[in-house]
Amino acid sequence: MSELNKVPLAAELLAEGKSFDVLFWVGCAGSFDERVKSVTRSFVKILNHLNISYAVLGTEESCTGDPAKRAGNEFLFQMQAMSNIQVLNGYGVKRIVTTCPHCFNTLKNEYPSLGGNYELVHHSTFLQELIDTGQLKMKESGSFKGQKITYHDSCYLGRANGVYEAPRKVLEVLDADLVEMKRCKTKGLCCGAGGGQMFKEPEKGTKDINVERTEEAIATGATVIAAACPFCMTMLTDGVKNKEKESTIKVYDLAELIAQNEGL
Amino acid sequence: MHIVPQLIFAVLLALAGYCILRSISRIRFNILLGKSYEPSSSIPDRWVNMTLTALGQRKMFKKPLPAILHLFVYLGFLIVNAEMLEIALDGLLGTHRLFAAPLGSFYTFIINVFEFFAVAVIVACAIFLVRRNLVHLKRFTGKEMTKWPTLDANLILIIEIVLMMAFLTMNASDQLLQGQNEHYKATGSFAFSGLLMPLFSGLSASSLLVLERSAWWIHIIGVMIFANYVFYNSKHLHIFFAFLNTYYARLIPQGEIDNMASVTKEVQLMLGLTPTDNTPTDPAAPMRFGAKDVQDLTWKNLMDAYSCTECGRCTEQCPANITGKLLSPRKIMMDTRDRLEEVGNNIRQHGADHQDNKSLFDYISDEEILACTTCNACVEACPVQISPVEIIVQMRRYRVMEESKAPGSWNAMFSNIENNQAPWKFSPADRFNWADKL
């Protein structure tokens, strides 16, 4: 970790008597999944680049319990939730930004009644705010200028919480050619990973959901599929591989697109 | 002599009313077999939601063509039924077109409006019949669309056409009788039934009288039978439940799944925290996690089941169903309703403790509930805000927490979260290693 790209830990800041404005909740995929770790690093680069006052929990972070809850294990979910709430409240966290819509949904909607009340922002909205306030300025001729990009709505961001515009606004500043899939926004088709599906084989069917969705994305003619969720990222990347298109079509997270465009 | 039809009418009306009330009380009993549910939103918000979603058909307009056709049938139902007031009063008092004289030319105008909607209903229902039976739209098929649901859908459309035809025939023959029979007073001309008049103009005054009376009786008895049919056990109950169901809808983000209060207390005690809810739990009260049967669901879930009109918009959007999995959200709702009817009948016939050794799992399989991605596409698609996802999650809870019966890979995920604080088997000590490569 270079000094320039130092990631502030909440525990260290507290020890130094410093505070932070927003906590970056990395999530399990963002911490462990090889592909998704790059999204985490891209987002941190943006935060550092703009001198945002933030912190991460590091090894003190733990699964929000989302997959357990949706698979039916409410005990495990509430165990996770209550221990996380103890940690978050211990640091006096008020605002949380996360790159994972599943963490976002759980922290935002399911933690309050268990004693965890925070203002939740998904990184798409966070980036949009940085663009709107002029903190994040786009380069004139970025690397995605004129490229066809299609955005895949994450269920837990879109339908679950009504965030449809922020990710699209973020993509607009790339000056790319934004194309929509037939099923988008409220009608967006799931990538197939939600509700615990990420952690088991799919039931018997005629096709895998991620392949169905990837085919739809490919049909737009886009060279970049933009995702805003680590699970969607995995599912769509697998889908592109399944269709043997990995040399021509890339799946990127919004944070990666912005970081690349900024040359970070 | 004149009193006989009046008496017959009064008896039929009372009988129809009584049977409908019995059906309503049966359905109410069944719904109240569910567990408590408290809508979290404020009463004004609920009224606004009901007005926009049920009255205003907000979600229907995602599909413009069926929405417009449905709007005509819906408005036709509301508007043409206003004529029922006059028909009922005529029937009871032995009068004929009671409102014609006092309303004068306004009466002619109103009947013309009714006739416009009657024609619109006939046209819309005919198109619906074609869409169901000739075009074979995918969402009207599926393994849950067995013989009865298919027949139910067609019967509703056919009965509506017959009722509207009777209404128009009645008006046409009435106009022909005006001037021939002193009992039939001038009403002004009716534009739509007027088009049928040439069909009957060759008939004698007495034949016309028979035709007019038959149409009148077929219409009113048809309405009584149809109302009973709807409340007995038809998918058409949505005309009533759409309003109740949207009024009681959960107006919270769709992604939110309720936290089980019964679990919260136990977890707080396990973690050495002071329970926020200090009411002592009754050790004698049977406790069940999740849903094994319909009584374990909330009454709102059960009302959802009665509100479903089997349109299939949910199943059409379901990613699992689209990719050939067994899961169909519509089937979840239809199965819940069928099982609820069965449980309700058992309780009424054999008492509250009756066990038939069956459960909701005899209707809905594990394969179905396991295939859900909780993406909420079905919830978003439903015009009356039904949630199949809530029932699926409740059934998963039963399997996982009561029976420890989850797929092996889910059990591995659970133990990873428990032991490694992540759903994958990584060391929690490595959680911050991503920052090393910056």
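No experiment lies behind these values; they were computed from the predicted model shown. (Residues numbered from 1 in each chain as written. Chains lettered and ligands numbered in written order. Predicted model: local features only at pLDDT ≥ 70, side-chain atom pairs only at ≥ 80, totals over all residues. Heavy atoms only, no water.)

**Considering helix α6 (residues 101–110) of chain A**
All names here are of chain A. With respect to burial, α6 is a largely interior element, 9 of its 10 residues being buried. Among the residues of α6, P101, H102, C103, F104, N105, T106, L107, N109 and E110 are the ones counted as buried. On its buried side, α6 packs onto β1 (22–25), α4 (66–71), α5 (74–90), β3 (95–98), β4 (119–122) and α10 (230–242). (Buried < 20%, exposed > 50% of the residue type's maximum accessible area, 1.4 Å probe, protein only. Helix = DSSP H or I, 4+ residues; strand = E, 2+ residues; numbered from the N terminus. Contact = heavy atoms within 4.5 Å.)

**Focus: the interface of chain B and chain A**
Every contact between the two is made by 63 residues of chain B and, on the other side, 76 residues of chain A. Summed over both sides, the interface of chain B with chain A buries roughly 5,900 Å², with 66% coming from carbon and sulfur. Of all residues in chain B, the largest losses of buried area upon contact with chain A belong to B:R431, B:W434 and B:L438, amounting jointly to 15% of the total for that side. Summed over the shared surface of chain B and chain A, the result is 31 residue pairs in polar contact (both at pLDDT 80 or more). Its residues assigned to classes, the side of chain B that touches chain A comprises 35 nonpolar, 14 polar and 14 charged. (Buried area = accessible area lost by both parts, 1.4 Å probe. Polar contact = N/O pair within 3.5 Å; in protein donor to acceptor, adjacent residues only side chain to side chain. Nonpolar A, V, L, I, M, F, W, Y, C, P; charged D, E, K, R; others polar.)

**Focus: the domain arrangement of chain B**
Residues and elements named next belong to chain B. With domains assigned, chain B is organised as domain 1 (3–247) and domain 2 (261–429). Taking only C-alpha atoms, the centre of domain 1 and the centre of domain 2 are 38 Å apart. Counting from both sides, the interface comprises 37 residues of domain 1 and, opposite them, 40 residues of domain 2. Note on domain 1 versus domain 2: buried area summed over both sides is about 3,600 Å², and carbon and sulfur give 53% of it. When the area that domain 1 buries against domain 2 is broken down by residue, the three leading residues are R139, E144 and N245, summing to 19%. The interface formed by domain 1 and domain 2 holds 4 salt bridges in total. The residue E144 makes a salt bridge to R330 at a minimum N-O spacing of 2.9 Å. Our count for the domain 1 to domain 2 interface comes out at 23 residue pairs in polar contact (both at pLDDT 80 or more). No other element matches helix α11 (residues 238–247), which puts 6 residues into the side of domain 1 that touches domain 2. (Domains from an automatic or database assignment. Salt bridge = Lys/Arg side-chain N within 4 Å of Asp/Glu carboxyl O.)

**Regarding the pattern of salt bridges**
All names here are of chain A. Under the counting rule described, the total for this entry stands at 41 salt bridges over all chains. With a closest N to O distance of 3.6 Å, K145 and D175 form a salt bridge. Placement of K145 in the loop between α7 (123–132) and β5 (148–151) and of D175 in the loop between α8 (165–172) and β6 (177–179) is noted, with a sequence separation of 30 residues between them. Judged by its relative accessible area of 41%, D175 falls in the partly exposed class. Via salt bridges that share partners, R183, K207, E212, R213, E215, E216 and K243 belong to a single interconnected network.

**Things to note about the pairing of β1(A)**
All names here are of chain A. A two-sided burial pattern is seen for β1, the buried positions comprising V22 and F24 on one face and L23 and W25 on the other. With 3 bridges connecting them, β1 and β3 associate as parallel partners. Counterpart to F24 in the pairing with β3 is V97. (Pairing = 2+ DSSP bridges.)

**Some words on the sheet that holds β1(A)**
Residues and elements named next belong to chain A. Spatially, the 4 strands line up as an open sheet ordered β2-β1-β3-β4, and their pairing is parallel. At either margin of the open sheet sits one strand with a lone partner, and together these are β2 (54–55) and β4. Contacting β1, β2 and β3, helix α3 (residues 34–49) runs over the sheet at an angle of about 165 degrees to β1. The strands touched by α7 are β1, β3 and β4; relative to β4, the strand with the most contacts, the crossing angle is about 85 degrees. (Axes fitted to C-alpha atoms, helices over the stretch in contact; angles between N-to-C directions.)

**What to know about the side chain of A:S42**
When you line up the elements, A:S42 lands in helix α3. Setting aside residues up to four positions removed in sequence, A:S42 forms contacts with A:A255, A:E256 and A:A259.

**Regarding the sheet that holds strand β7 (residues 224–227) of chain A**
All names here are of chain A. In space, the 4 strands of this open sheet follow the order β6-β5-β7-β8, with parallel pairing throughout. Edge positions in the sheet fall to β6 and β8 (250–253), since each of these pairs with one other strand and no more. Looking at each pair of strands side by side, their axes are set apart by 35 degrees on average, direction ignored. Examined bridge by bridge, β5 and β7 share 3 bridges and lie parallel to one another. Its bridge partner being in β7, Y151 is matched across the sheet by A226.

**Structural notes on the domain arrangement of chain A**
All names here are of chain A. The domains assigned to chain A are domain 1 (10–128) and domain 2 (138–261). For domain 1 and domain 2, the distance between their C-alpha centres works out to 22 Å. Of the roughly 2,100 Å² buried at the junction of domain 1 and domain 2 (both faces included), carbon and sulfur atoms supply 70%. The largest per-residue losses of area from domain 1 upon contact with domain 2 belong to R35, P101 and H102, which jointly make up 24% of the total buried on that side. Viewed at the interface, domain 2 and domain 1 are joined by 1 salt bridge. Here R35 and E256 are joined by a salt bridge, their closest N and O atoms 2.7 Å apart. One can count 9 residue pairs in polar contact (both at pLDDT 80 or more) joining domain 1 with domain 2. Residue assignment for the side of domain 1 that touches domain 2 shows that the elements contributing at least two residues are α3, α4, α6 and α7. A per-element tally of the side of domain 1 that touches domain 2 places α3 first, with 7 residues.

**Considerations on the environment of B:A377**
Tracing the backbone shows B:A377 in helix α18 (residues 377–381). The class of B:A377 is buried, set by a relative accessible area of 5%. Each residue touching B:A377, except ones within four places of it in the same chain, is listed here: A:R159 and B:Q317.

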